[in-house]
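These are the residues of each chain, in order.
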Amino acid sequence: YSRFHTSAIRRNNPNEIAFVFDIDGVLIRGGQPIPQAKPTLELLKSLQVPFMLLTNGGGVTEHQRTQYLSKNLGTYLNPIQIVQSHTPFKTLTNAYRRVLVVGGPEDKARHAAISYGFQEVVIPADIVRADPSIWPFHKYTAEQLDQWGDKSVNVADKPFDAIFVFNDPRDMGSDLQIILDLLNSENGYLGTKRNLEKLEDRSKPAIPIYFSNNDLLWANEYKLSRLGQGAFRICVERLYQELNEVDKLEDTIIGKPNVLTYDYVHNALIDWRLKILANNDLVYHPQELTQVVPQLGEKPQNSPFKKVYMIGDNPASDIQGANNYGWESCLVKTGVYQDSDFHNLTVKPTHIVDNVYEAITTVLKTNQ
Ligand code: G3P
Ligand code: MG
């Protein structure tokens, strides 16, 4: 990396630029760190340039995710430096009391939802454990249901207030069935069915459903891009339409490229900048910090940044979202996007680069 001379950059970020990094396909791919990730983050730390991670992935707490990333990438990241697909759901804990949380490994999304402050969190494993005939073809083993399913949950005695899809489903069949049961229920009571004839607006489900990302595709170690939560959302919507003889399901979708998610991460980035200006040591050492949580849809006030660069591998999510939001963007070739896709590229990033290190060095040179 010697071709880039850090000394050429004035310290303390006089140009007030900041970076927001996507994770899968930019810093990590299929569980393996992308080699340029560590030097990239370490260079920005040394230059005191603030950065955040913004991923459409999730399923675990921000603490667990940054712990894993810090270890895997070999450089420390604070839990308030990450916005996962479901992090903005933190802002909805007062709106809904009893929620179904879907997706992610084991029962980890339950713990993420509880850490946000949701009062009563039920996951599909609780429901399958209580009555496996709800989806007789489920793929949980008895041990998994025992471990992940909470037997103290009485699934039918109280109504559900909302459904939150935190991450890609791990047992898509049972997740689909349970979600559709609730969308079509009598006021959120599992095991009941509302009367279609009496409905004024069939596109409105019995309880609201929130999807945390809309990625049709994402990149892992397989040679082709894989179907993501966006594909699952299409399945839920299509089945709802069929069952309700209607052409729409009213739902809410956050995550990149949605502006709600960009507002959220922008607010979090402003907060992080203030914290590191007060104490730059935070970028190197674990410290328990409280993020100032903005409201969903709250526009950042007085952003100090002249330019914010989103570094991503997915044109439809990272780049589209940044462009819509008025941010700059760099598209890397280490994930979803490959050179051969160039002719189909409908969104235009500020820069197209080989990898994340080339992204930041190009940007730093441009802003010198
Ligand atoms: O499931 C994760 C995937 O949809 C995208 O993750 O980090 O590339 O936004 P990321
Ligand atoms: Mg990505």
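Residues numbered from 1 in each chain as written. Chains lettered and ligands numbered in written order. Predicted model: local features only at pLDDT ≥ 70, side-chain atom pairs only at ≥ 80, totals over all residues. Heavy atoms only, no water.

1. With respect to the packing of helix 6 (residues 172-183) against helix 7 (residues 229-244)
The description of two helices packed together rests on the angle between their axes and the distance between the axes. As a packed pair, helix 6 and helix 7 sit with axes 10 Å apart at the nearest point and diverge in direction by 45°. Classified by the angle their axes make, helix 6 and helix 7 are oblique. Along this stretch, helix 6 crosses helix 7, giving a crossing that reads as right-handed. On the side of helix 6, the interface is formed by Met172, Asp175, Leu176, Ile179, Leu180 and Leu183, while helix 7 contributes Phe232, Cys235, Val236, Leu239, Tyr240 and Leu243. Split into classes, the residues belonging to the contact of helix 6 with helix 7 amount to eleven nonpolar, no polar and one charged. (Axes fitted to C-alpha atoms, helices over the stretch in contact; angles between N-to-C directions. Helix = DSSP H or I, 4+ residues; strand = E, 2+ residues; numbered from the N terminus. Parallel < 35°, antiparallel > 145°, perpendicular 65-115°, else oblique. Left-handed = near helix turned anticlockwise from the far one by under 90°. Contact = heavy atoms within 4.5 Å. Nonpolar A, V, L, I, M, F, W, Y, C, P; charged D, E, K, R; others polar.)

2. Some details on the site of ligand 1
Taken together, Asp22, Ile23, Asp24, Thr55, Asn56, Gly57, Asp168, Asn213, Asp215, Trp218 and Lys256 make up the full set of residues near ligand 1. Between an oxygen atom of ligand 1 and a side-chain N or O atom of aspartate 215, the distance comes to 2.9 Å. A distance of 2.9 Å is found between an oxygen atom of ligand 1 and a side-chain nitrogen or oxygen belonging to lysine 256. Contact with the protein chains covers 94% of the free accessible surface of ligand 1, which is 310 Å². Of the residues assigned to the shell around ligand 1, the class counts are two nonpolar, four polar and five charged. (Near = heavy atom within 4 Å. Polar contact = N/O pair within 3.5 Å; in protein donor to acceptor, adjacent residues only side chain to side chain. Areas by Shrake-Rupley, 256 points an atom, 1.4 Å probe, with all protein chains shown as cover.)

3. Description of the sheet that holds strand 7 (residues 120-122)
Sheet architecture is open: five strands sit in the order 7-6-8-9-12, paired in parallel fashion. Edge positions in the open sheet fall to strand 7 and strand 12 (252-253), since each of these has one partner strand only. Across four bridges, strand 6 (residues 98-102) lies against strand 8 (residues 162-165) in parallel orientation. Bridged to valine 99 within strand 8 is alanine 162. Those strands touched by helix 7 are strand 8, strand 9 (209-211) and strand 12, and its axis lies near 155° from that of strand 9. (Pairing = 2+ DSSP bridges.)

4. A short note on the domain arrangement of the chain
Taken as a whole, the chain is organised into domain 1 (15-85 + 266-366) and domain 2 (87-253). Taken together, the 25 residues of domain 1 in the interface contact 25 residues of domain 2. Taken together, the two surfaces of domain 1 and domain 2 that pack against each other cover about 1,900 Å², and 52% of this comes from carbon and sulfur. For the pair domain 1 and domain 2, the number of links is zero salt bridges. Counting the contacts that link domain 1 with domain 2 gives eleven residue pairs in polar contact (both at pLDDT 80 or more). Looking at the side of domain 1 that touches domain 2, the elements with two or more residues in it are helix 2 (62-73) and strand 5 (82-83). Among the residues forming the side of domain 1 that touches domain 2, the class breakdown is seven nonpolar, 14 polar and four charged. (Domains from an automatic or database assignment. Buried area = accessible area lost by both parts, 1.4 Å probe. Salt bridge = Lys/Arg side-chain N within 4 Å of Asp/Glu carboxyl O.)

5. As for the coordination of the magnesium ion (ligand 2)
Within the protein, Asp22 (OD), Asp24 (O) and Asp313 (OD) serve as the donor atoms for the magnesium ion (ligand 2), at 2.1 to 2.2 Å. All donor residues of the magnesium ion (ligand 2) come from one chain, and their arrangement in sequence is D-x1-D-x288-D. Look at aspartate 22 and you get buried, because its relative accessible area is 4%. (Donors = N, O, S within 2.8 Å, 3.2 Å for Na, K, Ca; no water. Buried < 20%, exposed > 50% of the residue type's maximum accessible area, 1.4 Å probe, protein only.)

6. Some details on helix 8 (residues 259-278)
Because each turn of an α-helix spans 3.6 residues, side chains separated by three or four positions in sequence point in the same direction. The terminal C-alpha atoms of helix 8, which comprises 20 residues, lie 29 Å apart, in line with the 28 Å expected from a rise of 1.5 Å per residue. Here helix 8 lies mainly inside the structure; 15 of its 20 residues are buried. (Expected span 1.5 Å × (residues − 1).)

7. Considering helix 1 (residues 37-47)
Every buried residue of helix 1 is accounted for by Ala37, Thr40, Leu41, Leu43, Leu44, Lys45 and Leu47. The inward-facing, buried residues of helix 1 contact strand 1 (17-21), strand 4 (51-54), helix 2 and helix 10 (356-366). Looking one or two places after helix 1, you find glutamine 48, whose phi comes out positive at around 60°.

8. Structural notes on the packing of aromatic side chains
On inspection of all chains with the given rule, the structure shows 16 aromatic pairs. Seen from their ring centres, tyrosine 116 and phenylalanine 166 are 6.0 Å apart, and the 25° between their planes marks the pair as stacked. A residue pair is termed long-range when its members are at least 10 positions apart, and tyrosine 116 in helix 3 (residues 108-116) and phenylalanine 166 in the loop between strand 8 and helix 6 qualify at 50 residues. Phenylalanine 166 carries the same exposure label as tyrosine 116, and that label is buried. An aromatic cluster is built from Phe89, Tyr96, Tyr116, Phe118, Phe164, Phe166 and Tyr210, whose rings are joined through pairwise contacts. Its end group placed over the ring of phenylalanine 160, arginine 98 keeps NZ or CZ at 4.6 Å from the ring centre. (Phe/Tyr/Trp six-rings, centres within 6.5 Å; stacked < 30°, edge-to-face > 60°. Lys NZ or Arg CZ within 6 Å of the ring centre and 35° of its normal.)

9. What to know about the environment of leucine 227
Residue placement: leucine 227 occurs in strand 11 (residues 226-227). You can call leucine 227 exposed: its relative accessible area is 62%. Residues leucine 227 and glutamate 358, spaced 131 residues apart in sequence, show a C-alpha to C-alpha distance of 28 Å. In contact with leucine 227, other than residues within four places in its own chain, are Asp168, Leu216, Leu217 and Trp218.

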